[in-house]
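Summary of the model geometry
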Amino acid sequence: MLAALYLIFLWVPTEATMGIVQRIFYFHVPAAAVSFTAAFTGGIASILYLVKRDSKYDDLSVAANESVVLFGSINIVMGSMWAKPIWGIWWTWDARLTSSFILLLIYASYLVVRRATTAEQRGVVCAVICILGMLDVPLVYMSNRLFRTQHPAPVMGGGENSGLAPQMWATFGVSMAAMFLLWWSIMRIRLRVARLDRGVEDLTRRTHELVDAGAV
Amino acid sequence: MTDPNLSWLFWAYGVGWVLIFGYLFWLSRREQSLRSRLARLRELLEKKPERKP
């Protein structure tokens with residue numbers, strides 16, 4: 001991550017049209033890529049949970065889905081702070097921004113529903129919301145290819161006039177790797193917390209059963 | 001000459017890092033609280049008296 005920050009702030013050349021604020025790109029896009037990957041991870045874990053009913057998949061799903069909210073928020077907030085000086089507005093309801101916002105809302109609602117449902121209902125209800133969220137990801141990704149948007153067309157793989165200078169590519173690659181490493185570290189911590197949570201829930205249930213049976 | 005948009009760059013990265021560290025802080029607090037609850041529950045279950053026949 002330090003290498004990425006060095007490249008972003010000290011090494012990569014400043015973009016000619018937008019100036020220094022274009023450097024937001026090196027965190028804005030990797031944050032989106034991580035949130036998409038996390039959404040797919042959570043979605044696949046949810047499908048596996050529905051098929052196998054193994055709680056480890058539910059733990060993986062909650063860890064991934066919380067990181068969708070974290071990295072999705074970073075993506076949207078940083079994008080908004082890039083938009084203000086360049087477009088003159090913080091936000092516009094174009095296809096890309098709206099679909100990204102809906103994705104964030106789906107995952108925020110997942111977290112709310114997770115807290116509001118009982119342990120028996122939780123896994124299945126949350127898995128269904130999570131699969132719906134995963135289905136929104138291709139729509140977000142394709143939105144600026146399918147519709148005319150205020151958000152710029154794809155810089156990479158977006159057609160003849162798209163592309164980056166070699167130094168920008170290198171910085172982008174390192175930033176992407178750093179963001180995925182950060183995500184992986186956060187996922188490991190969150191999975192540990194999810195297992196602890198499950199342990200507390202199981203012991204609480206056992207304690208209640210013993211209290212009801214008059215043994216404690 | 002300093003770019004007039006330098007402050008936007010600063011604030012964007014600042015907010016990004018605040019979100020990351022805020023989440024990590026929340027996670028570590030949650031982990032601590034769960035560990036202490038788990039320890040209390042284990043203690044409670046170990047202390048449970050033997051039922052008399």
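Every chain is numbered on its own, with residues counted from 1 as its sequence reads. The lettering of chains begins at A and the numbering of ligands begins at 1, in the order of writing. A pLDDT threshold of at least 70 governs which residues receive local features in this predicted model, and a stricter bar of 80 or more applies before side-chain atom pairs are shown or counted, although totals over entire chains, interfaces and linings include all residues. Note that water and hydrogens are dropped before the side-chain values are worked out from all heavy atoms of the structure.

Some words on the overall build of chain B
Definition in use: In this text, helices come from DSSP runs of H or I with a minimum length of four residues, and strands from runs of E with a minimum of two, each type numbered from the N-terminal end. Note on classification: 1.4 Å probe, protein chains only; a residue is buried when its accessible area is under 20% of the maximum for its type, exposed when over 50%, partly exposed between these limits. Residue burial considers only the protein chains on display, and all accessible areas are found by Shrake-Rupley using a 1.4 Å probe.
Along chain B, the regular secondary structure elements total 1 helix and 0 strands. Across the 53 residues in chain B, those meeting the buried criterion constitute 26%. Total accessible area computed for chain B in this model is approximately 4200 Å², and 61% of it derives from carbon and sulfur atoms.

Focus: the packing of aromatic side chains
What counts here: Pairing of aromatic side chains requires ring centres within 6.5 Å, counting the rings of Phe and Tyr and the six-membered ring of Trp. Pairs whose planes differ by under 30 degrees are stacked, by over 60 edge-to-face, and all others tilted.
Throughout the structure, instances matching the rule amount to 15 aromatic pairs over all chains. Within the aromatic cluster, the residues linked to one another by ring pairs are Phe9 and Phe27 of chain A together with Tyr13, Trp17 and Phe21 of chain B.

A word on the interface of chain B and chain A
Note the cut-off: Contacts are residue-level and defined by heavy atoms, with any inter-residue pair within 4.5 Å sufficient. Buried area counts how much accessible surface, traced with a 1.4 Å probe, disappears from two parts once they are put together, with both parts' losses summed. Salt bridges are defined by distance alone: a side-chain nitrogen of Lys or Arg within 4 Å of a carboxyl oxygen of Asp or Glu. Residue polarity is assigned by list, with Asp, Glu, Lys and Arg as charged and Ala, Val, Leu, Ile, Met, Phe, Trp, Tyr, Cys and Pro as nonpolar; anything else, Gly included, falls into the polar class.
In this assembly, 30 residues from chain B lie in contact with 41 residues from chain A. Between chain B and chain A lies a buried interface of about 3400 Å² when both sides are counted; carbon and sulfur atoms form 79% of it. Summed over the shared surface of chain B and chain A, the result is 2 salt bridges. Residue composition of the side of chain B that touches chain A, grouped by class: 20 nonpolar, 2 polar and 8 charged.

As for unusual backbone geometry
Backbone geometry places Arg53 of chain A, a non-glycine residue, at a positive phi of 55°. Along the polypeptide, Arg53 of chain A turns up in the loop between α2 (25-52) and α3 (55-87).

Let's talk about helix α5 (residues 119-146) of chain A
How we decide: By this rule the span expected of a helix is its residue count minus one, scaled by 1.5 Å. Take the seven residues that end at a residue and the seven that start at it, fit an axis to each, and the angle between those axes is the bend at that residue.
For α5 of chain A, which comprises 28 residues, the first-to-last C-alpha distance of 41 Å matches the rise-based estimate of 40 Å (1.5 Å per residue) to within 8%. Along its length, α5 of chain A reaches its greatest deviation from straightness, about 25°, at Val140 of chain A.

Section: the confidence of the model for chain A
Any segment with low pLDDT has predicted coordinates that should not be analysed in fine detail. Let me state the cut-off plainly: On a range of 0 to 100, pLDDT expresses the predictor's confidence in each residue.
Averaged over chain A, the pLDDT score is 86; the fraction of residues at 70 or greater is 94%. Looking over chain A, one finds the lowest element-wise mean pLDDT in α5 of chain A, namely 83, and the highest in α2 of chain A, namely 92.

Re the environment of Ile102 of chain A
Mapped onto the elements of the fold, Ile102 of chain A is located in helix α4 (residues 95-116). Among the residues examined, Ile102 of chain A registers a relative accessible area of 40% and is labelled partly exposed.

Topic: a nonpolar patch on the surface
Stated precisely, the cut-off is as follows: Candidates for patches are residues over 30% relative accessible area with no salt bridge; among them, like charges are joined within 9 Å and nonpolar side chains (Val, Leu, Ile, Met, Phe, Trp, Tyr) within 5 Å.
A surface patch of nonpolar side chains, about 430 Å² in accessible area, is lined by Tyr6, Phe9, Leu10 and Trp11 of chain A. When you line up the elements, Tyr6 of chain A lands in helix α1 (residues 2-11).

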